[in-house]
Structures are given as structure tokens and as C-alpha cells.
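Observations on the three-dimensional arrangement
Single-letter residue listing:
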Amino acid sequence: MNRLRSQTLALKSLLMSQSSNTQIPLDLAQAVSTPLQGILYGLSVYMFGVTFLDLTQRHGTPSGKINRTMLTSACLLFITSTMNVVVSIYREVNGLIMHRNTLGGPVAYFADLASWHWIFMNVLFLIGMLLGDTIVAYRCYVVWSSIWIIVLPVLLGVTTLATGITLLWNFARSNPNIFNPLITRLTEACFISSLGSNTMSTCLLAYRLWIVDHRSKKYHTSNGNLLHVARIVLDSGAIYSTCLALFVAFYLAKSNVCFILRDLMMPITSICFYMVLIRSAHRTRLETKFDHSLKLDAVQHNAGHLHNVEIHLNKDVSIPEDLQDSQAEYRRLREAEPTTIL
């Protein structure tokens, strides 16, 4: 009886809060978010197909080896994003149609934080968020070749996992209001930790690519391929971080717009991951074709003018140690890019 009374009071409080002129109703937020999520999901499906072909057809690396880590990550992101869309459609159909005449209507249905579909969606969201942060941290580790460089991002990732699990446990245990003080503190800790981990790893990754490319200009005259990769990394990280920051901002403002952004974050995470691989692999193929074309032209031009050239070296030529290190690091990153670094 006490539990029923508390649920009734909570429902009345919810309906009063939703009646505010400045607040978007939960049913309207769900009606808007699902079609937008479907559009982004369709784009992510296409990009997953291109990414899958790039990885399996060995276009990504000069060595021609399939990077199973990136391939597995791409498949996991696709699976979680697909399941999230399916559950979103299920929630919209049940909330707007099946529960339109029940007590509280669609608003009460979408506000039920203890429902299996809400908890399951947030489990998928937590998995996708952690997977995205882990991928960026892994890339950072590969580029720096040091485990210490990712200690802080990993600790922030552990914080995201711990606060996310605690948040889900509170949803299932007490069905609280999404904006109550405890849920607000846990949500802030979870998403700000993820934002910090992703931003830090992205910046460290881009900085390493830039500094290696800058140092390597002392001995090579290429167009700065690693610098181009750094731009791709920053573009992807900026899109993801901006969306996550907007979610946190609307949530702290206690606006139901955060529910729309929460649903959009899953396909956006996948799109950012695929975008980096696709753009970098496309750049690699263009450079390969251009190099082959230049070599073919040079061979044809010099075919009738071949002669022997004798070279005499009177003294040893020494290469400074810092240039040797820079050259070795540049070659390592060029060979790893894009499917290991990206």
C-alpha cells in the first residue's frame, strides 16, 4: 500500500513538472528522438558496410593484414547501435499507442526508469560509451608505445563504468525521478568522466601524430600524411565531445531535450568511429595510386636513357641520433596507419 501511494505521488509530481510551458513533454521527446535516431542509424549502417569492406579487403594497412581489434570494435558498435534502435522503436510504439489510455498516459510510461526497456537501453548506451572511450585510449597507447600515457584516461573510464553501474542499480531499485539529486550526481560523474577520458585520449593522440610529423620533416618532403590523420582524429573527437557536452548541459538544465540527445549518442558514437577509418583509408588509397602513377611516369620517361652511374664515397656519412629516432617513429606510424592508429 505504501509503495502504491509513493508511486501515485511520484506520478502526480511528474505530471505537474511536465505541464510546465518551458518543458518538452516526454512523449514528444520520444516521438522526435526515434525518427532522428533512425536517420543517423541508417547513415551508420552504410558507413559500417564501407568500414567492414575496408578492413576485410585489407585496404587499411600497407602490410595487408586485417586488424581484428578494429574489426571486432566496428561489429560491436554496429550490434549495440542496432539493438538500441530496436528497443527505441519498441518503446515508442508501446508508449504512444499501447499506453495512450492508461493511467498517466505515454508520459508516465516513458518516465518509468525501472522498466526493463529503459534499463536495457542504458546498458547498451553504457557499453557503447565505454567501447568508444576504450578504442580511443587503445589508439593513444599504440601511438605513444607507453602504458603510462593512458593511465588517467583508463582511470576515468573505470569511473564511468562504476558510476554507470550504480546509476542502473538505482534505476532498478527505486524508480527515481531522472532529475533527483542522487541521480543527478551519478549522471554528472558518469558522463563527465567519459567526456574527460575521450577528450584527453584524442588530444594526446593528435598531439603525438603532429609532433612526429613535425620532427620527421627534417628528413622527408612528403605532404604530412600523419598531420592529415591528426586532423581526422580531432574532427571525430570534436563531434563526439560536443554531443556529449550538449547532453550534460541540457541534463543539468533539467530539460527533456537530454532524452533526445541520449538516443542520438549511440549512432553518433558509431559514425565517429567509422568516419575516421573511412577517411583515412580513402586517403591511403589515393596516395598509393598517386605514387604508382608517378613511378610509372618516371620509368617510361627514363626508359631510353638508362646508363650506369658510379658513386664514390670518400667518408662515412653519419645521421644524427634524434633524426634516426624520428625516422623510425614516422615509419612505424605510417605502417600502422590507419587501422591500428585509427
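Calculation criteria
- Residues numbered from 1 in each chain as written.
- Predicted model: local features only at pLDDT ≥ 70, side-chain atom pairs only at ≥ 80, totals over all residues.
- Heavy atoms only, no water.
- 1 Å grid on protein atoms, 1.4 Å probe; cavity = no way out; pocket = protein on both sides within 12 Å on 5 of 7 lines; lining within 4 Å.
- Points joined across faces, edges and corners; volume = space filled by probe spheres on them.
- Helix = DSSP H or I, 4+ residues; strand = E, 2+ residues; numbered from the N terminus.
- Nonpolar A, V, L, I, M, F, W, Y, C, P; charged D, E, K, R; others polar.
- Buried < 20%, exposed > 50% of the residue type's maximum accessible area, 1.4 Å probe, protein only.
- Contact = heavy atoms within 4.5 Å.
- Expected span 1.5 Å × (residues − 1).
- Polar contact = N/O pair within 3.5 Å; in protein donor to acceptor, adjacent residues only side chain to side chain.
- Salt bridge = Lys/Arg side-chain N within 4 Å of Asp/Glu carboxyl O.
- Phe/Tyr/Trp six-rings, centres within 6.5 Å; stacked < 30°, edge-to-face > 60°.
- Core = buried A, V, L, I, M, F, W, Y, C linked by side-chain atoms within 4.5 Å.
- pLDDT = per-residue confidence, 0-100.

1. Things to note about empty space enclosed by the protein
Counted according to the given criterion, the structure contains five cavities of 30 Å³ or more. Quantified by volume, the largest cavity comes out at close to 200 Å³. In this structure, the largest cavity is lined by 18 residues; those nearest its centre are N122, F125, L167, F171 and F191. Element by element, the count of residues in the lining of the largest cavity is highest for helix α5 (residues 116-144), at five residues. Residue composition of the lining of the largest cavity, by class: 14 nonpolar, three polar and one charged. Here the second largest cavity is characterised by a volume of approximately 170 Å³. As for the second largest cavity, its lining consists of 16 residues, of which G132, V136, R139, N198 and S236 are closest to the centre.

2. Section: the environment of I232
One can find I232 in helix α8 (residues 225-252). With relative accessibility at 0%, the residue I232 sits in the buried group. The spatial distance from the C-alpha of I232 to the C-alpha of S280 is 7.5 Å, given a sequence separation of 48 residues. Once you skip the residues sitting within four places of it in the chain, I232 turns out to touch V276, R279 and S280.

3. Digging into helix α7 (residues 181-216)
Here α7 contains 36 residues, and its C-alpha end-to-end distance of 52 Å stays within 8% of the 52 Å for a straight helix at 1.5 Å per residue. One side-chain oxygen of the residue at the start of α7 lies 3.2 Å from the amide nitrogen of L182, identifying that residue as N180.

4. Section: the pattern of salt bridges
What the rule picks out here adds up to two salt bridges. Measuring nitrogen to oxygen at the nearest pair gives 3.2 Å for the salt bridge that ties R279 to D235. Here R279 is found in helix α9 (residues 257-301), whereas its partner D235 is found in helix α8, with 44 residues between them in sequence. Of the residues examined, R279 reaches a relative accessible area of 30% and is grouped as partly exposed. For D235, a relative accessible area of 34% corresponds to the partly exposed category. Taking the shortest distance from any N to any O, the salt bridge between D263 and R262 comes out at 2.7 Å. On the accessibility criterion, D263 (3% relative accessible area) is buried.

5. A closer look at the packing of aromatic side chains
Scanning all chains against the criterion turns up 14 aromatic pairs. Judged by centre distance (5.4 Å) and plane angle (45°), the ring pair of Y90 and W116 falls under tilted. Of this pair, Y90 sits in helix α3 (residues 68-98) while W116 sits in helix α5, placing them 26 residues apart in sequence. Consider the rings of F273 and Y274, whose centres lie 5.8 Å apart with planes at 65°: the pair is edge-to-face. The same class applies to F273 and to Y274, which are both buried.

6. Here we look at the nonpolar core
W118, F171, I178 and F191 are the most contacted members of the largest nonpolar core, which has 38 residues in total. Put simply, the parts of the chain that give this core at least two residues each are α2 (26-56), α4 (105-110), α5, α6 (151-174), α7, α8 and α9. Here the element with the most residues in this core is α9; it accounts for ten residues. Apart from residues no more than four positions distant in its own chain, F171 is found in contact with L113, A114, W118, I119, N122, P176, I178 and I183. One finds L55, A74, L131 and Y274 within the second-largest nonpolar core, a separate group that totals 15 residues.

7. Regarding the side chain of S194
For S194, the position within the fold is in helix α7. Excluding anything up to four places from it in sequence, S194 contacts M129, D133, T160, Y240 and L244.

8. Quick look at the confidence of the model for the protein chain
Caution applies to low-pLDDT regions: their predicted coordinates should not be interpreted in detail. Mean pLDDT over the protein chain stands at 79; residues scoring 70 or higher make up 71%. When pLDDT is averaged over each helix and strand of the protein chain, the minimum, 49, is found for helix α1 (residues 2-18) and the maximum, 93, for α6.

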